Amino acid sequence: MIQHAVYHKVASHEAHKGTFDTCLLLYSGGLDTSVMLKWIQDTYECEVVALTVNLGQRADNMEAIRDKALKLGAKECIVYDARDEFAQLCMEAVKANADYQGGYALGCPLGRVMISQIAVKIAAEYGCEVIAHGCTGKGNDQVRFEGYITTLNPQVKIIAPVREWSMGRDEEIEYAIQHGIPVEQTKKAPYSYDENMWANTGEGGEIEDPRLIPPLENILKWCNTPKNAPDEEELVVLEFEQGMPVSLNYEALSATEIIQQLNAIGGKHAVGYFHLIEDRIVGLKVRGVYENPAAHLLIQAHKNLEQLVSTREENELKTFLDTKWAYLCYGAKYFEPVMDNIRAFQDKQNEKVSGKVTLRLYKGNCEVVALDSPFSLFDEHLATFNKSADFNQNASAGFIELWNLPQKTAHQVRRSKVTGVSAP
C-alpha cells in the first residue's frame, strides 16, 4: 500500500480539492504525467484535459501520446503544434547570444515560456480553472511554470502532484501497474532527458556527480563524440538580416528549418554539446550535459557578426545585457518588465547585424572563419600593415600620453605614499 506524506499547501495559487471541476494537465505521455492523469481524477475528483505541446522534440510520437491520454480517462487531449512559434522565440535567444554559465543556450527555460503561454490560452478555451504540471520540488521548472502561468492569468490555480504525493519511482511504477497504466520499464533509467528543437538536456547517472566522467557515447542523443565525428571538415554559411538567420548555405529557409538542419550538421561534427556545472534557481548546484548544436552555431555566427558591426562600447554593453538576459530567462523572469527594456536595446542593436558568416566545423570545433557585412566597421585602408595605410601614426604618441595620464598619476601618488618619496 502506497503511503502518502502530508503536503501542506501554503501558496495562494495552489488549488484545493472541491474548488474546481476541470484541470488542464501538461502531459508528456511519460510515466510521471501518465500516473498523474489518473491520480488527479481520483484524488481531486475532477475531469482532466491533457495538453501536449510539440516544440520539435524528436523522441515523441504525438498521436500515440494523444491516444494514451484518452485511454487513461482524459476528457480531451490537445496536441498543439508550436514548432514555428517556438522557433521565433529561439530567435530572440540568438539576438541575445544566449549562454547561461558556459554553453547552455536555454532550451528548457525558453520551452517553459512557450508551454506556459499556450497552457493559459488552452485553459481559457476549455474552461479549466486549474493547471497541473509534473515538476518536482527540487527543480527550476516548477518556478517557471507556476510563476509564468499565474503572471499571465492570476485567476488560474496550480496542482503539482509530484510535490504532493511523495511517491518515488518504484512507487509510481507500482501505482501504474495497479491502475492499468502502461509502463515501458520497471527500473529507473540511468539518464533522463528533456528535449525540444533548441536543446536536449541530459541528467542522472554519472552526469550528476562532478567527480565522475560521463560516458558520452551512452548519453548523447543528438551529437557525435569528436572521435566518432567525420574526418573531413565542413564549411557552413549563414546569412543574417537584422540579427535573424534567413538562409543556410545560400538557401532561404524558415527559422524552424534552419534550426533542424543545423542540429543535424552540428551534431554530425560533434559540435554544440557541453558539460555544465549549473546553479539552479532553488539553490542547488547540479551538473548536466546539454546538446544544442544549432543554437551554438547560430549564436557563434551571430555574436561574431555583431562584434564586427558594433563599436567597442556597444560590444561591452551588449555582453553585459546578454548575460543579464540569460540569467533572467533561466531564473523564471521572462515576463519581468526589465526584460522589455533589454529586448528594446537588443532589437535596436541588431538592426545592423546583417551579413554572411562562414563557419568551419571539425571534430567538435566550431570556428568563425569569414565575415562579410555592409555595416562592417572594418576598414582595410586603415587596418592594413602596409605602407599605404590611411592611418596617421604621428598622432599615436600624443594619444598614448593622454590615455595613460590617469594611470601614471595614480601609480606615482601610491608610490609616494608608500616610500615617502614625492613623485618626480
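Keep in mind the model is a prediction, meaning the values are calculated, not measured. (Residues numbered from 1 in each chain as written. Predicted model: local features only at pLDDT ≥ 70, side-chain atom pairs only at ≥ 80, totals over all residues. Heavy atoms only, no water.)

J.: Quick one: what's the story with the sheet that holds strand β7 (residues 199–203), residue by residue and with numbers?
T.: An order of β6-β7-β12-β11 is seen for the four strands of this open sheet, with the pairing classed as antiparallel. Looking along the sheet, the strands with just one partner apiece sit at the ends: β6 (192–196) and β11 (273–279). When strand polarity is set aside, the average angle formed by the axes of neighbouring strands in this sheet is 25 degrees. Pairing geometry for β11 and strand β12 (residues 285–291), over seven bridges, is antiparallel. Residue pairing for β12: F274 is matched across the bridge by Y290. (Pairing = 2+ DSSP bridges. Helix = DSSP H or I, 4+ residues; strand = E, 2+ residues; numbered from the N terminus. Axes fitted to C-alpha atoms, helices over the stretch in contact; angles between N-to-C directions.)

J.: Describe in detail the sheet that holds strand β1 (residues 22–26), supporting the description with residues and values.
T.: In a beta sheet, neighbouring strands pair by backbone hydrogen bonds and run either parallel or antiparallel. Strands sit in the order β3-β2-β1-β4-β5 across an open sheet of five strands; the sheet is parallel. The sheet is open, and its two borders are formed by β3 (76–81) and β5 (157–159), each paired with just one other strand. Direction aside, neighbouring strands of the sheet carry axes that sit 25 degrees apart on average. Here strand β4 (residues 130–132) pairs with β5 via three bridges, running parallel. Along β5, the bridge assignment pairs V130 with K157. Where helix α2 (residues 62–71) meets the sheet, its contacts fall on β2 (47–54) and β3, and the angle it forms with β3 comes to roughly 160 degrees. (Contact = heavy atoms within 4.5 Å.)

J.: Pulling in residues and values, what's your account of the pairing of strand β14 (residues 365–372)?
T.: Alignment of strand β13 (residues 355–362) against β14, held across seven bridges, turns out to be antiparallel. If you follow R360 over to β14, its bridge partner there is E367. As consecutive antiparallel partners, β13 and β14 are separated by two residues, and within that stretch K363 has a phi angle of approximately 45 degrees, a positive value.

J.: Requested: an account of the nonpolar core, with residues and values cited.
T.: If you look at the biggest cluster of nonpolar residues, it comprises 78 residues, and the most contacted ones within it are L51, L106, W198, L238, L298 and W325. By residue number, the principal contributor to this core is helix α4 (residues 107–125), which donates 10 residues. Those residues in contact with W325 that sit more than four places away from it in its chain are E92, A93, A96, A98, L106, L110, M339, I342 and Q346. Within the second largest apolar cluster, 31 residues are counted, among which are F20, V35, I40 and A132. (Core = buried A, V, L, I, M, F, W, Y, C linked by side-chain atoms within 4.5 Å. Buried < 20%, exposed > 50% of the residue type's maximum accessible area, 1.4 Å probe, protein only.)

These values are about where atoms sit, not about what they do.
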